[in-house]
Amino acid sequence: MVKYTDSNELNSFIEQFDEEDKKNILECLRKIRFVSTDEIKNFYTEEIITRYSKGPKTALFTVTEEVPVPSKKSLEEEKSLPDEDKKRKTYSSSDHVGYILENIVRTNSRYLTINPTIKQLKSEKISRIVLVDDGINSGHRIINFMKNDIFRFIRSCYSYKLCSIEVLSFFAYKSGIDYINSKSKIISNFINKIFINNKTCFNNPKYKVLFEKYSEKITKQTIPLGFENTNGNIIFEHGIPNSLPPIFWDYGKRKSWIPLFPNRGISIELVQYFKSHSINQVESIADSGNLNLALNLFEEIENKRISRTNTNLITVLFFLNKGVLLRNITNYVTLDNDEITEILKNLKEWNFIDDNYTVTDFGKETLKHYSNISQNQQKVYNNFVDYLPTKFGDSFIHI
């Protein structure tokens, strides 16, 4: 087996692609944004304690899938089935989110409660409702959740101005928020760490062609770009959202295609891989055509002459100089809103950009400085396309 990365599972997955497609799938793998359990736990803890732990009384609800109530007949039919055919209880991302929230509430119980009953909502006069989900993709799950029995009571409280309703999620797609707002007018605020303005790092025609081509090999052929064409690139340590293109998580018929994340689960090997090989933003510069700048930055990183923080700073500066609108920066990099805000603050402070986020002459000279290719790099540059699948992988791995 060819060694494309230091992960056997990744290498096996890549081997399924035609030779001419392996470079593009490697690029896609580097653009996946991995979110660890610690990262999502820290986000919820900080936001909930900062925003809600000092009152007024707040109810946190974990957003769950709608579960149909089985009829008596269906229960009797299931009892007659052989053990191997009986349905088992399954767990979803909401169970993971609920466990995190439970621990937060235990230590901050004065003003916080989790998944209260209608009786509790009445007796404790809870005036703020927060729906908590790991991510807003299409928005359908939240709308469906808002149709349950307890939410009918919450709606009546809202109509009498007795409570406010917010949504807290680690990431959110604009299209999902727009859908929720189109179906309900009662949510006053959406809080998230990563906001995606309808496009992702997979927003490239060559990737769309790739996903559509190999979707013919899997069972989920009708959603080659993920559920609701989200084309998502975010994965969690506790599971894979269905917004990720299904060639990454769906089997082929009779297992003719073996996904990287079978049934949207992630193996221990891949968790460790993504944890220790967080994506480098320089790849996005190379994909946007400035090979000189990308190569120089990789050399600086390899020789430990530039920090990851400054690499991210130069990357954002590059896209601003390229004319990318501020609200669209997250379409090109895997940085979250807080990270970009901090980078913009530093760029202004150091006079790389002005108050209108326009790159200054000093900023342009800095980009020019890093774009000047050295004689030692010329040989690599001349063969850049041939080297990309492995050499960029090696550079990325050793950061």
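This text gives an overview of the structure that appears in the document. (Residues numbered from 1 in each chain as written. Predicted model: local features only at pLDDT ≥ 70, side-chain atom pairs only at ≥ 80, totals over all residues. Heavy atoms only, no water.)

1. Things to note about empty space enclosed by the protein
Piece 1. Evaluation of the coordinates by the stated rule reveals three cavities of 30 Å³ or more.
Piece 2. Roughly 90 Å³ of volume is contained in the second largest cavity.
Piece 3. In terms of lining, the second largest cavity is formed by Arg33, Ile194, Ile196, Thr200, Cys201, Asn233, Ile234, Thr330, Val333, Thr334 and Leu335. (1 Å grid on protein atoms, 1.4 Å probe; cavity = no way out; pocket = protein on both sides within 12 Å on 5 of 7 lines; lining within 4 Å. Points joined across faces, edges and corners; volume = space filled by probe spheres on them.)

2. Things to note about helix H1 (residues 8-15)
Piece 1. Taken together, the buried positions of H1 are Leu10, Asn11, Phe13 and Ile14. Seen end-on, H1 carries its buried residues on one side only, within an arc spanning 160°. (Buried < 20%, exposed > 50% of the residue type's maximum accessible area, 1.4 Å probe, protein only. Helix = DSSP H or I, 4+ residues; strand = E, 2+ residues; numbered from the N terminus. Arc of directions from axis to C-beta.)

3. A word on the nonpolar core
Piece 1. Phe248 and Phe261 are the most contacted members of the largest nonpolar core, which has 32 residues in total.
Piece 2. Mapped by element, the contributors of at least two residues to this core are H1, helix H2 (22-30), helix H10 (205-215) and helix H11 (268-276).
Piece 3. Those residues in contact with Phe261 that sit more than four places away from it in its chain are Ile235, Ile240, Leu244, Phe248, Trp249, Ile266, Leu270 and Phe274.
Piece 4. Grouped together as the second largest cluster of nonpolar side chains are 28 residues, Ile314, Val316, Leu317 and Leu320 included. (Core = buried A, V, L, I, M, F, W, Y, C linked by side-chain atoms within 4.5 Å. Contact = heavy atoms within 4.5 Å.)

4. Here we look at unusual backbone geometry
Piece 1. Note the cis peptide between Gly55 and Pro56, where omega equals 0°.
Piece 2. With respect to the helices, strands and loops of the structure, Pro56 is situated in the loop between helix H3 (37-52) and strand S2 (58-62).
Piece 3. Phi is positive for Asn231, close to 60°, though the residue is something other than glycine.
Piece 4. Residue placement: Asn231 occurs in the loop between H10 and strand S7 (234-236).
Piece 5. When its relative accessible area of 9% is taken as the criterion, Asn231 is described as buried.

5. Considerations on the side chain of Asp134
Piece 1. Its location among the elements puts Asp134 in strand S4 (residues 128-136).
Piece 2. Under the relative-accessibility criterion, Asp134 is labelled buried at 6%.
Piece 3. Setting aside residues no more than four positions away along its own chain, Asp134 makes contact with Ile40, Tyr44, Ser93, Val97, Arg141, Ser169, Phe170, Phe171, Phe236 and His238.

6. A closer look at the environment of Thr315
Piece 1. As for its placement among the helices and strands, Thr315 is situated in helix H14 (residues 308-321).
Piece 2. Note on Thr315: relative accessible area 0%, which makes it buried.
Piece 3. Along the primary structure Thr315 and Leu297 are separated by 18 residues, whereas in three dimensions their C-alpha atoms are 9.7 Å apart.
Piece 4. In contact with Thr315, not counting residues within four places along its chain, are Gln281, Val282, Ser284, Ile285 and Val333.

7. Brief notes about the packing of H14 against helix H15 (residues 337-349)
Each packed pair of helices is defined by two parameters, the angle between the axes and the distance between the axes.
Piece 1. Two elements in contact, H14 and H15, have axes separated by 10 Å at closest approach and are oriented at 80°. When the axis of H14 is compared with that of H15, the two are roughly perpendicular. In this structure, H14 contributes Asn312, Leu313, Val316, Leu317 and Leu320 to the contact, and H15 contributes Ile343, Leu344, Asn346 and Leu347.
Piece 2. Tallied by class, residues from the contact of H14 with H15 come to seven nonpolar, two polar and no charged. (Axes fitted to C-alpha atoms, helices over the stretch in contact; angles between N-to-C directions. Parallel < 35°, antiparallel > 145°, perpendicular 65-115°, else oblique. Nonpolar A, V, L, I, M, F, W, Y, C, P; charged D, E, K, R; others polar.)

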